[in-house]
Amino acid sequence: GAVVSQHPSRVICKSGTSVKIECRSLDFQATTMFWYRQFPKQSLMLMATSNEGSKATYEQGVEKDKFLINHASLTLSTLTVTSAHPEDSSFYICSARFPGVNEQFFGPGTRLTVL
Amino acid sequence: KQEVTQIPAALSVPEGENLVLNCSFTDSAIYNLQWFRQDPGKGLTSLLLIQSSQREQTSGRLNASLDKSSGRSTLYIAASQPGDSATYLCAANTDKLIFGTGTRLQVFP
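Draft legend 1. Just the sheet that holds strand E6 (residues 56-59) of chain B, in detail. All names here are of chain B. Taken together, five strands build an open sheet; the order of strands is E1-E3-E8-E7-E6 and the sheet is antiparallel. With one partner strand each, in any of the chains shown, strand E1 (4-7) and E6 form the two edges of the open sheet. Pairwise comparison of adjacent strand axes, ignoring direction, gives a mean angle of 15 degrees for this sheet. Relative to strand E3 (residues 19-25), E1 runs antiparallel, the two sharing four bridges. Within E3, the position partnered with Thr5 by the bridge is Ser24.

Right, here's the structure in full:
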């Protein structure tokens, strides 16, 4: 149990386009999901906390208008990178908090390359 | 603000050695601490989770300890194998996970 999926696993896009990444909890309902970014040879940095039915909470330094987060259901959160630029190229990982337990389960990640 | 640091940053050892990876955190008000493994280009694999009320957790050749008062956790890997080569991350949970800087481990035959 406690499986989290991400789609797509890899995406290449042109500069200026928008890219949507999906995060799904497959076998449990998650009121809270998290989005992380990881640059090469660096650790994971929390970008935002996504709460079902309300606005996401962004970490300091993360542009909310550039990284749009929608948590429309208890099993799905989406991250849209708008007007992507090469510096947005990174590994994006989501996680979902298991209800009643203070533990997060992670998706496999999405590698974004912006040309 | 929680800060998590891992020492050493990199480690290269021959197969069979027992290893100790260190993690320190500045805010002791954590719910739990978790150790992950990450292979190159891949996602995270959860290894061990220690609740704040626990002192240690064990899984196979892995043992993780937690000392909240001193802000430290240790991951002990017994009889290391080449398949253990990966980056190991610790993360302190204070309502949100703050990840450490990671230890890149290479175990050679």
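Draft legend 2. Main features of the layout of surface pockets. Size it by volume and the largest pocket reaches roughly 580 Å³. The wall of the largest pocket is formed by 21 residues, among which A:Met45, A:Glu59, B:Lys1, B:Gln2 and B:Ile98 lie closest to the centre. Put simply, the parts of the chain that give the lining of the largest pocket at least two residues each are strand E4 (32-38) and strand E5 (44-51) of chain A together with E1 and strand E10 (97-99) of chain B. With four residues, E5(A) is the single largest residue contributor to the lining of the largest pocket. In the lining of the largest pocket, the residues fall into eleven nonpolar, five polar and five charged. Taken as a whole, the second largest pocket encloses approximately 480 Å³ of empty space.

Analysis parameters
Residues numbered from 1 in each chain as written. Chains lettered and ligands numbered in written order. Predicted model: local features only at pLDDT ≥ 70, side-chain atom pairs only at ≥ 80, totals over all residues. Heavy atoms only, no water. Pairing = 2+ DSSP bridges. Helix = DSSP H or I, 4+ residues; strand = E, 2+ residues; numbered from the N terminus. Axes fitted to C-alpha atoms, helices over the stretch in contact; angles between N-to-C directions. 1 Å grid on protein atoms, 1.4 Å probe; cavity = no way out; pocket = protein on both sides within 12 Å on 5 of 7 lines; lining within 4 Å. Points joined across faces, edges and corners; volume = space filled by probe spheres on them. Nonpolar A, V, L, I, M, F, W, Y, C, P; charged D, E, K, R; others polar.

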